[in-house]
Amino acid sequence: MVESDEMRVAYRTCPLCEATCGLEIQLDANDRVRRIRGDREDVFSGGFICPKGTTLGAFHDDPDRLRQPLIRADDGTLVETDWETAFERVSELVRSRLADVPRESAAIYLGNPAVHSLDLLLYSRSITEALGTRTIFSASTVDQRPREVASGLIYGSPQTIPVPDIDRTDALVLLGANPLVSNGSLATAPDWPGRIDALIARGGTMTVIDPIRTKTAARANRHIPIRPTSDALLLAAIATDIATRGLARPEPADAERLRSVTEHLALFTPESVAEATGIEPRSIRSIVDELTTAERPCVYGRLGTTVTPFGTTASWLIDIVNALLGAMDRPGGTMFPTNAAGSANTRRSGPHGPEQALGRRKTSTGRPIELGEHPVAAMAEEIEAQSITFLITVAGNPVLSCPDSERLDAALPTLDAMISLDCYLNETTAHADVILPPPSHLQRPHFDLAFMGLSVRNVANWSPAVLPLDEGQLPEWVIALRLASILRGGAGSIQDAENLDDGLVQRSIERVVTASSGALTADLVSSGLGDRTGPERLVDLQIRTGPHGDLFGIRPDGLTLAALEAAPHGIDLGPLEPRMPDVLATPSGRPEYDHPDLIGDLGRLAEFARRPRSDSLQLVNRRTLRSNNSWMHNLEILVKGKPRCTVQIHPADAADRGVQDGAPVRIISRSGEIELPAAITEDVMPGVVSVPHGWGHDHTGSQLHVAERHAGANVNVLTPGDVLDPLSGTSQLVGIDVSIVPA
Ligand SMILES: Nc1nc2c(c(=O)[nH]1)N[C@H]1C(S)=C(S)[C@@H](COP(=O)(O)OP(=O)(O)OC[C@H]3O[C@@H](n4cnc5c(=O)[nH]c(N)nc54)[C@H](O)[C@@H]3O)O[C@H]1N2
Ligand SMILES: Nc1nc2c(c(=O)[nH]1)N[C@H]1C(S)=C(S)[C@@H](COP(=O)(O)OP(=O)(O)OC[C@H]3O[C@@H](n4cnc5c(=O)[nH]c(N)nc54)[C@H](O)[C@@H]3O)O[C@H]1N2
Ligand code: SF4
Ligand SMILES: [Mo]
């Protein structure tokens, strides 16, 4: 029996998804995790947890998780080595493969966990800068990039993203999101189920627009199926109907611009979009009724609205509808969080900023480069064209997550060199020459720098490391800085990392001192930071100079890292507050709702509305509660039970094709084909099929013993790489034409 006095309890924020739940972690005398449950005292999550949150101990203990670097041996296999040998190999590769090629032929890919890891949020930029390239890829162009591009144009910063004020709205219309499974995105809110129930209990309404009757749709008052990729049309018709019925209640300062927008939208009526969206005009008007009779309406859209050829347009039109409803920047509507760690929209005082425009740069293969990033869909073709010869991947698995993935899988081995920072030897890192693994999540501190800027309530939580590093293990920020040092021609020693860290802090101090216009001095800030180093020092600096910070004593009651350290359940900074116009950085000092680059795309949308509908089945993707994109399938506790990687199909479509429930089928698109068991369900709208993403762990060369037994198939074999949202470079991942035959 374990004596209870030998157990200890640690609190931390779950770093796995955007919901930022507080965890209560029980460890035994040997520092083994015994149990993880929701922290009931967490100021934001109040005890909510999902199945993934309980697995941080299982991840830490996973024998396949890399604890030592791997380097490629002479026989071609990847073998364990020590850190000094691994960095020596990196130096060799940099000297022999990078010295004589243009820096632009070196590329970096940053995956999703790079925004969930404090070390990578603060230090991955050092790698990119040291690499000296502008050939940058990230998972953004298979995700939220359209939302950021729209925000850049409308509000002057891609980080100025309106989030739904779900705790105060009384009519939520949600498009292309399934927060009961995903736990929410670009709307950080632990416990969506509880928040949705509270909305309905206070007499509010919720309508979900999705081709699938998801768990979220089932929990709402109403589900309206929509044909994939047509949300921009639906939103345009909603805006038109609000305007023509005289129901618009815009902010007076924006009325003129919004009138101009609705004039441009006038051809999109409920009748004219009915065929393309599959939604009756009556139904569209009833959405308008629901929104315009509510006191605090709110429209929110997510992944299903962004990974389409009209992602940016749909994101823009969501804001247009909210602005017409008078819901923009209003409690219960859509609002702008105040990130305690500061962000582009807190570091300067608005509302004026420079003009923004799209379409200034293209890749060598002619794809749009927006917000400084090449579309991931172009990675394979740029490698094939030898525009890219050297690749660093950081916390990403593009072989599973990016479109036309078989092509990328075939292109990666042709690189001159590839280095990966990753915890697993998986489908992508199997191609690397060197893999540099970070410690497990429990072995590092955590602070949600990114998601506090997307949170439905202003909060801040600091999580110290729960477990110490293993003998000789390096924190990921040190790995990143040692790699940066080598890329700059340095030795890559620990001393180099410390020097680079000091330099980084010095530059940040200079910036905040300058921005404070004399209020702060470099001495005051340096001495205030004391002897902290690494992420802790940078976080303390950001918090104390952030919108709630103590400004190193100027606001004595303000926030500090020390205050957060003393508050293991977090500090609540209150509900969101209106931030217009200071949140803006635009030429007019108001939201540029009628930005010409957005209006200019409406011709393409009109052409899409007229296009004859394809008779093919349309593929969409789904998430499952027990998975996290591609990389948590090696934890038995999450993958056991009946297979979750199935193709969901409507009974009528199944009958037409002789497809039996549970039997294997072949799914064929113009880029490839995969085989999966069918799951016949009326939850899917006729003409649509759904496959989860992140599976297909049947590649040779990876070391994922559990995942290989639950391989599933990779949906991105079916996703062609050539259809992008031209405004943002984001791939179309939904609404892919497929055919299905029994296997
Ligand atoms: N359990 C779990 N949670 C996760 C993840 C995970 O893999 N597993 N991944 C995390 C990540 S990286 C992200 S970005 C978020 C995403 O979180 P969400 O944005 O909530 O994304 P999904 O859960 O994929 O839900 C997207 C929905 O859009 C629907 N859809 C598809 N096409 C269309 C369309 O054209 N129009 C409309 N209106 N709907 C459409 C799909 O049927 C699906 O229900 O989830 C995060 N949370
Ligand atoms: N068809 C289709 N494709 C999709 C989607 C879809 O809905 N449908 N969703 C898209 C979305 S929203 C996203 S965000 C992308 C995700 O795309 P990616 O980010 O490329 O893929 P992940 O599966 O998140 O892989 C994360 C990798 O990071 C590693 N890792 C985890 N934590 C850490 C860490 O702290 N440090 C380091 N160095 N490595 C770490 C994992 O081992 C894994 O290899 O996929 C996209 N692809
Ligand atoms: S919902 Fe997200 S943050 Fe909360 S426990 Fe699950 S994975 Fe972690
Ligand atoms: Mo994502």
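Up top you'll find the structure we're talking about.
Residues numbered from 1 in each chain as written. Chains lettered and ligands numbered in written order. Predicted model: local features only at pLDDT ≥ 70, side-chain atom pairs only at ≥ 80, totals over all residues. Heavy atoms only, no water.

A. Just unusual backbone geometry, in detail. Each neighbour pair has its own omega, and for Met 580 with Pro 581 the value is -5 degrees, a cis peptide bond. One can find Pro 581 in the loop between β20 (571-575) and α22 (596-599). Positive phi outside glycine occurs at Asn 629, with the angle close to 45 degrees. (Helix = DSSP H or I, 4+ residues; strand = E, 2+ residues; numbered from the N terminus.)

B. How the structure looks around the packing of aromatic side chains. As enumerated under the stated definition, the model contains 8 aromatic pairs in all. For the ring pair Tyr 155 and Phe 336, a centre distance of 5.2 Å and an interplane angle of 70 degrees mean the geometry is edge-to-face. Placement of Tyr 155 in helix α4 (residues 145-155) and of Phe 336 in the loop between β13 (334-335) and β14 (361-362) is noted, with a sequence separation of 181 residues between them. Assigned by exposure class, Tyr 155 and Phe 336 land together as buried. Ring geometry for Phe 447 versus Trp 462: centroids 6.2 Å apart, planes at 40 degrees, classification tilted. Of this pair, Phe 447 sits in the loop between β18 (434-436) and β19 (457-460) while Trp 462 is found in the loop between β19 and α17 (476-487), placing the two residues 15 residues apart along the sequence. Grouping residues by exposure puts Phe 447 and Trp 462 together as buried. In textbook terms, an aromatic cluster arises when at least three aromatic residues are bridged by ring pairs, as seen for Phe 59, Tyr 424 and Trp 631. The ring of Phe 59 has Arg 65 sitting right over it, with the charged end atom 5.7 Å from the ring centre. (Phe/Tyr/Trp six-rings, centres within 6.5 Å; stacked < 30°, edge-to-face > 60°. Buried < 20%, exposed > 50% of the residue type's maximum accessible area, 1.4 Å probe, protein only. Lys NZ or Arg CZ within 6 Å of the ring centre and 35° of its normal.)

C. Layout of the sheet that holds strand β16 (residues 390-394). Across the sheet, which stays open at both edges, the 7 strands sit in the order β5-β4-β18-β17-β16-β6-β7 with mixed pairing between neighbours. Two strands lie at the open edges of the sheet, namely β5 (78-80) and β7 (136-138), each paired on one side alone. The average angle at which neighbouring strand axes cross in this sheet is 20 degrees, direction not considered. Here 3 bridges tie strand β17 (residues 417-421) to β18, and the two strands are oriented parallel to one another. Paired with Ser 420 across the two strands is Ile 435, which belongs to β18. Against the sheet, helix α2 (residues 83-98) contacts β4 (70-72), β6 (106-110), β16, β17 and β18, and its axis sits at roughly 130 degrees relative to β18. Strand contacts of α17: β16, β17 and β18, with the helix running at about 155 degrees to β17, the strand carrying the most contacts. (Pairing = 2+ DSSP bridges. Axes fitted to C-alpha atoms, helices over the stretch in contact; angles between N-to-C directions. Contact = heavy atoms within 4.5 Å.)

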